[in-house]
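Breakdown of the fold
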Amino acid sequence: MSPPGEEGRSQGSVKTEPEDDPLITLKVLDQEGRRAFHTMRMSDKLQGVMDAYYKKAAGDVTYGTGTFMFDGSVRLRGCNTPAELDLNDGDEIEFFPVMIGGGGWVGA
C-alpha cells in the first residue's frame, strides 16, 4: 500500500500533468517568406524551434547565422522556454540573418 497522497505517482520521477504543461505551436517567419512551425510544451527549450527553422531553410541559411526575435524587441535564446517569455499558442517568431557591414563611407 502506498503512503497517503502517493497514489498514481511513479516512484523516482515526477510526472507533469498535460494541463500544467500544455502544447503550443510557434511559427518562425523570415524576410524571404519561409515559414517553419514547431509544436512543443511550454517547458521545452526554444532551441527546438530554432533547429526546426534551420532544418526547413537548409541550403539557404547557415545554422547559427541569425537572430530570433519575438514581438520585435525580445531576443530569443535557445535556453529559454515559452513559459519564461510568456509565449502563447500561435505566436510568431521572426528570424533576422546576421548583417555584416554598415560602416561609414569615406570619400576621397
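Residues numbered from 1 in each chain as written. Predicted model: local features only at pLDDT ≥ 70, side-chain atom pairs only at ≥ 80, totals over all residues. Heavy atoms only, no water.

Labelled according to an unreviewed UniProt entry, the protein chain appears under the name Rad60/SUMO-like domain-containing protein, originating from Miscanthus lutarioriparius.

1. Regarding the packing of aromatic side chains
In the structure shown here, the tally under the stated rule is seven aromatic pairs. Here the aromatic rings of Y53 and F95 are separated by 4.5 Å at their centres, their planes lie at 35 degrees, and the arrangement is tilted. You can see Y53 sitting in helix α1 (residues 47-56) and its partner F95 sitting in strand β5 (residues 92-97), a full 42 residues away along the chain. Judged on exposure class, the residue Y53 and its partner F95 are both buried. Put simply, the rings of Y53, Y54, Y63, F68 and F95 pair up and form one aromatic cluster. (Phe/Tyr/Trp six-rings, centres within 6.5 Å; stacked < 30°, edge-to-face > 60°. Helix = DSSP H or I, 4+ residues; strand = E, 2+ residues; numbered from the N terminus. Buried < 20%, exposed > 50% of the residue type's maximum accessible area, 1.4 Å probe, protein only.)

2. Comments concerning the nonpolar core
Membership of the largest hydrophobic core comes to 19 residues, with the highest contact counts inside it found for L26, V28, Y53 and F68. Broken down by secondary-structure element, the contributors of at least two residues to this core are β1 (23-30), β2 (35-41), α1, β3 (66-70) and β5. When residues in this core are grouped by element, the largest group, four residues, is from α1. Apart from residues lying up to four places away in sequence, F68 is in contact with V28, M50, Y53, Y54, V74, R75, L76, I93, E94 and F95. (Core = buried A, V, L, I, M, F, W, Y, C linked by side-chain atoms within 4.5 Å. Contact = heavy atoms within 4.5 Å.)

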